[in-house]
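Residues per chain, in single letters:
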Amino acid sequence: MIERLALADTGADTFESEPVDGAHVFGGLLVAQALRAASLTVDAGRDVHSLHASFVAAGMGGESVRYETERTRDGSSFATRRVVARQSKGVVLVLTADFHADEPGVEYEVAASTGVPGPDGLPPGRYDNPVVESRDVPPGFGPPHARHAWFRCTSPFGDDPSDHAQAIAFLSDFGMTRAAREPHAHLADDARRQSVSLDHSMWFHRPVRADGWLLSEIVPVSTARGRGLAIGTLRDADGILAVTYAQEVLLRER
C-alpha cells in the first residue's frame, strides 16, 4: 500500500505519482495521493480530521498525476490544505483537507448494526485485490439496502497515522457507486445505467490501523434528479467507529 501511494517531491509543494496500469486511475487512489500530498506539507502532530474531494474528470492510466498543494491556513490548532491533481488533459481532482492537533474531548458514537459476522470464514469479496484484502458480508444486516464488507491492507506497515489515514482514503471508494444504486434492481446491468463518482467526503473520528480488519457499512440515503448519495462508516474489529464517509454519484438511466 505504501508503495502504491508513494509520491515524488518535485519542489514548491508539488508532488508526482508513478503511472498506473489500465485505462483509468482508481478514484480512491486519487483521493489518497492527494491527501498524502497535503499531509506532506503539514507539521508533525496534526492528523487529518476531514477531507472533501471533487472528481472533475477521469484520471488516465499510463500517465503520472501531478498534485499541486496550497497551504491555505496554519492556525494554532488546525491547518487547511487545498490540492489540485492534474494530468495532460487538465484537472482531474480537487481536494481540501483539514488537520487538527490531537486533544482530549467528550466521547459518543452511534451504535453499530448488530449481528454482522466477522471476516473469518467469509469468501473473498468483490473488491479483493493485491493491495487490499476484502470479505463480503451476506445481505440482511442493518438499515434497508445496507452493504457490509471487511477490508484490510494485505501487508502491515508502520505506526505513522498519516499512512493509515491515506490507506483508508484509498479503500473508502470501494462500493460507493454500487451502494447508491442498490435500491434500483433494474440498474444492476451496466448497459442500463451511467454511474460515476462526483464527490467524496470523509471524517476521521479516531485513529485506526488500516492493516487490521475494518468493517464497512454503506447505506444509500437518496437518489433523485440524476444523482445518488450513499453514506458509509468504518469500524475496527471491536466495533469502534473510526471513520464516516459519503459520496455523491451520477446515476442516469440509459
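This report concerns the structure included in the present document.

Rules used throughout
Residues numbered from 1 in each chain as written. Predicted model: local features only at pLDDT ≥ 70, side-chain atom pairs only at ≥ 80, totals over all residues. Heavy atoms only, no water. Helix = DSSP H or I, 4+ residues; strand = E, 2+ residues; numbered from the N terminus. Rg over C-alpha atoms; globule rule 2.2 N^0.38 Å. Buried < 20%, exposed > 50% of the residue type's maximum accessible area, 1.4 Å probe, protein only. Contact = heavy atoms within 4.5 Å. Salt bridge = Lys/Arg side-chain N within 4 Å of Asp/Glu carboxyl O. Pairing = 2+ DSSP bridges. Axes fitted to C-alpha atoms, helices over the stretch in contact; angles between N-to-C directions. Expected span 1.5 Å × (residues − 1). Patch = residues over 30% accessible without salt bridge, like charges linked within 9 Å, V, L, I, M, F, W, Y side chains within 5 Å. Areas by Shrake-Rupley, 256 points an atom, 1.4 Å probe, with all protein chains shown as cover. Lys, Arg positive; Asp, Glu negative; His and termini not counted. Charge placed at Lys NZ, Arg CZ, Asp CG, Glu CD. Core = buried A, V, L, I, M, F, W, Y, C linked by side-chain atoms within 4.5 Å. Phe/Tyr/Trp six-rings, centres within 6.5 Å; stacked < 30°, edge-to-face > 60°.

**Some remarks on the overall build of the chain**
Counting its regular elements, the chain contains four helices and twelve strands. The C-alpha atoms of the chain give a radius of gyration of 18 Å, which matches the 18 Å a tight globule of 254 residues would have. Here the chain holds 254 residues, and the buried ones make up 46% of them. Put simply, of all contacts in the chain between residues at least 6 apart along the chain, 68% involve residues at least 24 apart.

**Describing the environment of L229**
Looking at the element boundaries, L229 is found in strand β11 (residues 227-236). Between the alpha carbons of L229 and A210 there is a distance of 25 Å; along the sequence they are 19 residues apart. What L229 contacts, discounting residues up to four positions off in sequence, is A180, V219, P220, V221, S222, A246, Q247 and E248.

**Let's talk about the pattern of salt bridges**
For the structure on display, the rule yields 15 salt bridges. For E107, the salt bridge identified is with R206, shortest N-O distance 3.0 Å. Of this pair, E107 sits in the loop between β6 (90-101) and β7 (132-136) while R206 sits in the loop between β9 (193-204) and β10 (214-224), and the two are 99 residues apart along the sequence. Exposure remark for E107: the relative accessible area of 63% places this residue in the exposed category.

**Things to note about the sheet that holds strand β5 (residues 78-87)**
The strand order across the open sheet formed by twelve strands is β1-β2-β4-β5-β6-β3-β9-β12-β11-β10-β8-β7, and the pairing between neighbours is antiparallel. A strand with exactly one partner marks an edge of an open sheet, and here the two such strands are β1 (8-11) and β7. Averaged over all pairs of adjacent strands, the angle between strand axes in this sheet comes to 25°, irrespective of strand direction. In this structure, strand β8 (residues 147-153) lies alongside β10, joined through five bridges in antiparallel fashion. Residue pairing for β10: A149 is matched across the bridge by S216. Across the sheet, helix α2 (residues 27-39) touches β2 (14-16), β3 (46-55), β4 (66-74), β5, β6 and β9, and the angle it forms with β6 is around 50°. Across the sheet, helix α3 (residues 161-171) is in contact with β3, β7, β8, β9, β10, β11 and β12 (241-253); its angle to β9 comes to roughly 155°.

**Focus on α2**
The end-to-end C-alpha distance of α2, which contains 13 residues, comes to 18 Å, matching closely the 18 Å that a straight helix rising 1.5 Å per residue would cover. The buried fraction of α2 is high, at 13 of 13 residues.

**Some points on a negative patch on the surface**
The grouping of D47, D102, E103 and D160 at the surface amounts to a negative patch. Mapping E103 onto the fold places it in the loop between β6 and β7.

**A few points about the nonpolar core**
M1, Y67, L93, L95, I168 and F204 are the most contacted members of the largest nonpolar core, which totals 57 residues. Here the element with the most residues in this core is α2; it accounts for eight residues. Residue contacts for L93: discarding those within four places in its chain leaves L30, V31, A34, A53, S54, F55, V56, V83, V84 and A85.

**Digging into the pairing of β10**
Strand direction decides the pairing type here: β10 and β11, joined by ten bridges, are antiparallel. Residue T223 lies in a different strand from β11, and its bridge partner there is G228.

**Thoughts on the packing of aromatic side chains**
Counting across every chain of the model gives five aromatic pairs. Judged by centre distance (5.2 Å) and plane angle (70°), the rings of F26 and F170 are edge-to-face. One end of the pair, F26, is in the loop between β2 and α2; the other, F170, is in helix α3, with 144 residues separating them in the sequence. The partly exposed category is assigned to F26, whose relative accessible area is 28%. Of the residues examined, F170 reaches a relative accessible area of 3% and is grouped as buried. Relative to F174, the ring of F170 has its centre 5.9 Å away and its plane inclined at 80°; by these criteria the two rings are edge-to-face. With relative accessibility at 9%, the residue F174 sits in the buried group.

**Here's the deal with the side chain of T14**
Structurally, the position occupied by T14 is in strand β2. A relative accessible area of 14% places T14 in the buried class. If we skip the residues at most four places from it in the chain, T14 touches A8, D9, R66, Y67 and E68.

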